[in-house]
Amino acid sequence: MDRALGGVRRVSAGDGEWTVRRVRGSDKVYTCPTCRQQIPPGTPHVVAWAVDALGGEAAGLEARRHWHSSCWERRERLR
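Here we summarise the structure given alongside this text. In this text, all values refer to a predicted model and were calculated from it rather than measured experimentally.

Read from one edge of the open sheet, four strands run β1-β2-β5-β6, paired in antiparallel fashion. The sheet terminates laterally at β1 (8-13) and β6 (65-67), the two strands that pair on one side only. Averaged over neighbouring strand pairs, the angle between their axes works out to 35 degrees when direction is ignored. As judged from the three bridges shared by strand β5 (residues 45-50) and β6, these two strands associate in the antiparallel manner. In the sheet register, Val-46 faces β6, and the bridge partner there is Trp-67.

Quick look at the structure:
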């Protein structure tokens, strides 16, 4: 299903509603909001933004974050 949607899916979790996209990598370095470590260029990871953000999904998209895939999966347990 991820592949059919271009890797985009909706996730409902204890920390809200999210739009999640798995990416194969990028040309930039990002900092994961969970572990605060860098995601090097070319590293597969997750881009996620809150659907239920204050200001709506467009505001959530503007505030999107890049996460290590493992950090994204364990984010709720760390709160």
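Next comes the rest of the account.
Core analysis: the biggest nonpolar cluster contains twelve residues, these being Val-11, Trp-18, Val-20, Tyr-30, Cys-32, Ile-39, Val-46, Ala-48, Ala-50, Trp-67, Cys-71 and Trp-72. Listing elements by their share of this core, those giving two or more residues are β2 (16-23), β5 and α2 (69-74). Here this core gets three residues from one element, more than from any other, and that element is β5. Once residues within four sequence positions are removed from consideration, Val-46 is found in contact with Val-20, Arg-21, Arg-22, Arg-65, His-66, Trp-67, Ser-69 and Trp-72.

In this section: the side chain of His-45. Within the fold, His-45 resides in strand β5. Take His-45: its relative accessible area is 2%, and that puts it in the buried class. Only 2.9 Å separates the side chain of His-45 from the side chain of His-66, close enough to count as a polar contact. Residue contacts for His-45: discarding those within four places in its chain leaves Arg-21, Arg-22, Val-23, Gly-25, Ser-26, Tyr-30, Ile-39, His-66, Trp-67, His-68 and Ser-69.

About the thresholds
- Residues numbered from 1 in each chain as written.
- Predicted model: local features only at pLDDT ≥ 70, side-chain atom pairs only at ≥ 80, totals over all residues.
- Heavy atoms only, no water.
- Pairing = 2+ DSSP bridges.
- Helix = DSSP H or I, 4+ residues; strand = E, 2+ residues; numbered from the N terminus.
- Axes fitted to C-alpha atoms, helices over the stretch in contact; angles between N-to-C directions.
- Core = buried A, V, L, I, M, F, W, Y, C linked by side-chain atoms within 4.5 Å.
- Buried < 20%, exposed > 50% of the residue type's maximum accessible area, 1.4 Å probe, protein only.
- Contact = heavy atoms within 4.5 Å.
- Polar contact = N/O pair within 3.5 Å; in protein donor to acceptor, adjacent residues only side chain to side chain.

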